[in-house]
Each structure stands twice: as structure tokens, then as C-alpha cells.
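Each chain is listed here by its residues.
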Amino acid sequence: MTFEATANPSTTQGAAAGDGSAAGAAAVGEPDEAARRVYLAVLAGGGRVRFADIPEADRDAVRRLVSIGLLMPNPMDACYTAVSPRSVSDRLGTELRSEATRLLVRAENLPGALDTLTRAYDAMPRPPERSGGAVYIEGHVHIRQRISQLVADCRTEVLTVQPGARPPDALKIAIQQDVQLLQRGCSLRTIYQPVAISEPAAIAYVEEVTRRGSLIRILDEPFERLMVFDRSVAVISASDDHSTAAFITDPAAIAFIVNAFERDWSRADATDWSAVLSQGPAHSAPDRVGRLLARGLTQRAVATRLGLSERTVAAHISRLRDRYGAQTLFQLGWLMRGGRDGG
């Protein structure tokens with residue numbers, strides 16, 4: 001093998017040898033493409049190369065090979081010697097298995113190490129949850145705190161019904177909580193109104209949680225906000241401004257609520273989110289408005305059904321009129337139903 005450039009032997013040797021510890025080798029892992037190329041070139045040259053023959057461009061690759069153990073510096077001869085990948089594999093395999101054992105031991109000991117904190121968390125004051133009743137919590141901050149505790153304590157399943165658009169700040173918190181929930185192996189099913197996918201923050205949320213296994217469906221009907229945790233605690237709004245929430249634990253009430261959720265879930269649209277996310281929400285909202293108009297609903301009824309403001313619905317209707325060439329709302333509905341001159 002021929003290296004055309006020259007390198008300072010003391011600099012190259014010292015920098016490479018400094019990375020050659022066993023811990024460094026285990027951390028470095030496999031050689032990258034540049035390191036593989038240099039190693040093969042060393043083999044082609046008889047398995048050794050002088051410090052002085054290493055070009056500047058190959059120094060990083062040589063350092064990596066030394067740190068892995070595939071090249072060994074020989075200060076007496078001022079050269080590097082190739083080492084059998086088989087022996088390196090055996091050594092790194094042993095080190096990785098040892099590290100895996102240490103990690104498993106740490107994982108086993110972690111609950112005990114956090115036991116004091118766990119007991120403190122479990123002893124944290126919470127609203128009493130009497131079987132057969134409901135606890136009312138006032139104030140958005142306190143409601144969010146209690147819901148965060150329920151999300152953290154959840155072990156199997158969360159069912160949610162979310163009407164209308166969710167504020168971007170709320171969605172940022174929801175992404176963090178829901179991703180952790182899904183990573184723990186819990187299931188998450190949510191029913192939204194169409195307006196749920198009309199904002200960038202909502203689209204980002206949907207993209208993230210559906211990628212991790214969450215299921216989301218769309219229902220073109222008015223409904224109230226609902227959350228059910230492990231089919232043991234249900235949360236519903238207890239005031240018009242959502243400043244009070246009821247946390248229900250009565251088994252019969254929970255069963256009724258879950259059955260209602262499952263009924264709505266079966267009627268909701270199982271949306272192809274990959275297509276929706278690629279096209280954006282602008283294509284779906286006017287079409288949903290149009291379908292409801294074609295069914296004879298008024299502008300106000302459409303707004304209520306879709307969870308939109310009447311001004312937003314009016315804007316969609318204006319675009320639909322331009323698209324279909326309709327002069328009146330009745331004519332637009334007729335055209336969208338496919339009516340033509342007595343047809």
C-alpha cells in the first residue's frame with residue numbers, strides 16, 4: 001500500500017494511541033466506511049504501515065481503527081500493525097456482554113434506588129376518589145395537574161373525546177405526555193371533530209402520536225370533552241367554560257361512559273392519516289362543509305356539527321360557491337347533491 005502524503009509520527013501515534021482504551025473501543029463500535037477503506041489498504045500493503053506514510057486525510061480513520069483495536073501502534077518500529085478482526089470481535093463482544101449485564105443489574109436496582117421518591121409520589125395529596133361518587137376540581141391549573149397525574153399513573157388504556165380545536169400550548173404538553181404514555185405500552189384512542197386537523201400544531205401532534213401507535217378518528221357531530229383512564233377514572237367538564245371538571249370513579253357510570261365512547265368510535269371515520277398529513281387540512285375542511293350542506297344542514301348547524309365558528313364556515317361556503325358557480329346556499333347544496341335540471 002502507498003500513502004502519498006506524510007504525517008508527523010509523534011502526533012499521529014499519540015492521538016491514535018490515546019483512544020485505544022477498552023472502554024473507548026466498546027463505545028466506538030464498528031468502523032465506518034473510511035476506516036474500513038484504510039484497514040483494507042493496510043492489509044493490501046502487508047498488514048503494516050509507517051507513521052510517516054499516513055496522509056492527513058486518513059488520520060481520523062487511523063485513530064478510529066486504533067480505538068477499535070483493528071490497528072495496533074508499534075512505537076519501536078514507528079508503524080501500525082493490523083490486528084485480526086476475529087480477535088477484536090471476540091474482545092468487543094465480551095465487553096459488550098459485560099456492559100449489558102451491568103445495565104441489566106442497574107435496571108433491576110432502579111426501582112429500589114427510586115423507592116423513596118416513588119413512595120413520596122404515591123403519598124402526594126390527591127383529591128379523594130370515592131367509589132360510587134365524583135370529585136370536582138376547580139381551576140384549569142389544578143385540572144391539568146390532576147390529569148397529568150392520571151396520565152403518569154395509567155397502565156393500560158386512555159380513551160379521549162376532544163371537541164373543537166386544541167390550543168397549541170396544550171398540544172405541546174399533550175405530545176410529551178402522550179408519547180411517554182405510548183412508549184410505556186399503553187393504548188390511546190381519540191375522537192376528534194374535523195376542526196382538529198385544521199391547525200399546524202394539531203397536525204404535528206397527530207403525526208407524532210399516530211406514528212407511535214395512537215388511533216385517531218373523526219366524527220362530524222357535536223360532543224363534549226371526555227377522558228377515561230384505565231376504565232377506572234373518567235373526566236368530564238362540569239362548567240361551560242371548562243374551569244371545573246368532574247373526576248368520576250363509579251363503576252356503573254364508567255361502564256356507561258365507555259359504552260358511549262365505543263358507540264361513537266364505531267361511527268367515526270377511520271381516517272387515512274398518511275394521506276391527510278401529506279395533503280394538509282385545507283383539502284378536507286371545505287369538503288366536509290359541502291357534504292353537510294348537501295344533506296340540508298344550515299350554516300349554523302354545520303358550524304355546530306364541525307366545531308367551527310360560523311365565520312369559518314362562511315369562508316368555506318364562499319370558496320365552494322366559487323368552485324361550483326352557485327349563487328345561493330340552496331343552489332350550492334343542490335349542485336353538491338348532483339342535481340341538474342330536474343335530475
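Everything here concerns the structure above.
Q: Describe the packing of aromatic side chains, with residues and values.
A: Here the structure, examined in full by the defined rule, presents two aromatic pairs. Aromatic side chains Phe51 and Tyr80 sit 4.7 Å apart centroid to centroid with 70° between the ring planes, which places their arrangement in the edge-to-face category. Of the two residues, Phe51 sits in the loop between strand S1 (48-50) and helix H4 (59-68) while Tyr80 sits in strand S3 (residues 79-82), which places them 29 residues apart along the sequence. No difference in accessibility class separates Phe51 from Tyr80, as the two residues are buried. For the ring pair Phe261 and Trp265, a centre distance of 5.9 Å and an interplane angle of 20° mean the geometry is stacked. You can see Phe261 and its partner Trp265 sitting in helix H10 (residues 251-267), four residues apart, about one turn around the helix. In this structure Phe261 comes out as buried when scored by relative accessible area, which is 1%. The ring of Tyr205 carries the charged tip of Arg166 above its face, separated from the ring centre by 5.4 Å. Across the ring face of Trp265, the terminal group of Arg189 is positioned such that the distance to the ring centre comes to 5.1 Å.

Q: Please set out the sheet that holds strand S5 (residues 157-162) residue by residue, giving values where relevant.
A: Spatially, the seven strands line up as an open sheet ordered S4-S10-S9-S8-S5-S6-S7, and their pairing is mixed. Where the open sheet ends on each side, the last strands, each with one partner, are strand S4 (134-138) and strand S7 (215-218). Strand-to-strand twist across the sheet, computed as the mean angle between neighbouring axes with direction ignored, equals 15°. Most of the contacts of H10 go to strand S6 (residues 187-192), to which it runs at about 65°, and overall it touches S5, S6, S7, strand S8 (226-229), strand S9 (233-237) and strand S10 (244-248).

Q: Tell me about the packing of helix H14 (residues 310-324) against helix H15 (residues 329-336), and name the residues and values.
A: Following both chains from N to C, one finds H14 and H15 inclined at 60°, their axes separated by 10 Å at the closest point. When the axes of H14 and H15 are compared, the pair comes out oblique. The crossing of H14 and H15 is left-handed. Contacts between H14 and H15 involve Ile317, Leu320, Arg321 and Tyr324 from the first element and Leu329, Leu332, Leu335 and Met336 from the second. Class assignment of the residues belonging to the contact of H14 with H15 gives a composition of seven nonpolar, no polar and one charged.

Q: Could you give an account of the nonpolar core, with specific residues and numbers?
A: Among the nonpolar cores identified, the biggest contains 27 residues, and Ile147, Leu181, Tyr205, Phe229, Val235 and Phe247 are the most heavily contacted of them. Filtering out sequence-adjacent residues up to four positions away, Val235 remains in contact with Ile147, Leu150, Arg225, Leu226, Met227, Phe229, Ala245, Ala246 and Phe247. The next biggest cluster of nonpolar side chains, apart from the first, holds 18 residues, and it includes Ala35, Val42, Val62 and Val88.

Q: Just give me the short version of H14, but keep the residues and values in it.
A: An α-helix turns once per 3.6 residues; consequently, residues spaced three or four apart project the same way. End to end, H14 covers 21 Å across 15 residues, agreeing with the expected 21 Å (1.5 Å per residue, within 8%). Val313, His316, Ile317 and Leu320 are the residues of H14 that are buried. Take H14 and look down its axis: the buried residues cluster within an arc of 105°, on one side only. Opposite its buried face, H14 presents the exposed residues Arg311 and Asp322, each directed more than 90 degrees away.

Q: Got a sec to walk through the sheet that holds strand S2 (residues 71-74)? Specific residues and values, please.
A: On the basis of which strands lie adjacent, the open sheet formed by three strands has the order S1-S3-S2 and antiparallel pairing. Of all the strands in the sheet, just S1 and S2 have a single pairing partner and so form its edges. Direction aside, the axes of adjacent strands within the sheet are offset by 25° on average. By the bridge criterion, three bridges tie S1 to S3 in an arrangement that is antiparallel. Looking at S3, one finds that Arg48 is bridged to Thr81. Docked against the sheet, helix H3 (residues 33-44) engages S1, S2 and S3, running at close to 95° with respect to S3.

Q: Break down the environment of Val209 for me, citing the residues and quoting the values.
A: You can see Val209 is positioned in helix H9 (residues 200-211). The class of Val209 is buried, set by a relative accessible area of 0%. Separated by 27 residues in sequence, Val209 and Leu182 have C-alpha atoms that sit 8.0 Å apart. Excluding anything up to four places from it in sequence, Val209 contacts Asp178, Leu182, Ser214 and Ile216.

Q: Give a description of the pattern of salt bridges that names residues and reports values.
A: Tallying each qualifying case throughout the model produces 15 salt bridges. Arg212 is the salt-bridge partner of Glu208, the closest N and O atoms lying 2.8 Å from each other. The partly exposed category is assigned to Glu208, whose relative accessible area is 21%. A relative accessible area of 34% places Arg212 in the partly exposed class. When the shortest N-O distance is used, the salt bridge between Asp264 and Arg263 registers 3.6 Å. On the accessibility criterion, Asp264 (16% relative accessible area) is buried. A network of salt bridges, in which partner residues are shared, links Glu157, Arg189, Arg231 and Glu262.

Definitions and limits used
Residues numbered from 1 in each chain as written. Predicted model: local features only at pLDDT ≥ 70, side-chain atom pairs only at ≥ 80, totals over all residues. Heavy atoms only, no water. Phe/Tyr/Trp six-rings, centres within 6.5 Å; stacked < 30°, edge-to-face > 60°. Helix = DSSP H or I, 4+ residues; strand = E, 2+ residues; numbered from the N terminus. Buried < 20%, exposed > 50% of the residue type's maximum accessible area, 1.4 Å probe, protein only. Lys NZ or Arg CZ within 6 Å of the ring centre and 35° of its normal. Pairing = 2+ DSSP bridges. Axes fitted to C-alpha atoms, helices over the stretch in contact; angles between N-to-C directions. Contact = heavy atoms within 4.5 Å. Parallel < 35°, antiparallel > 145°, perpendicular 65-115°, else oblique. Left-handed = near helix turned anticlockwise from the far one by under 90°. Nonpolar A, V, L, I, M, F, W, Y, C, P; charged D, E, K, R; others polar. Core = buried A, V, L, I, M, F, W, Y, C linked by side-chain atoms within 4.5 Å. Expected span 1.5 Å × (residues − 1). Arc of directions from axis to C-beta. Salt bridge = Lys/Arg side-chain N within 4 Å of Asp/Glu carboxyl O.

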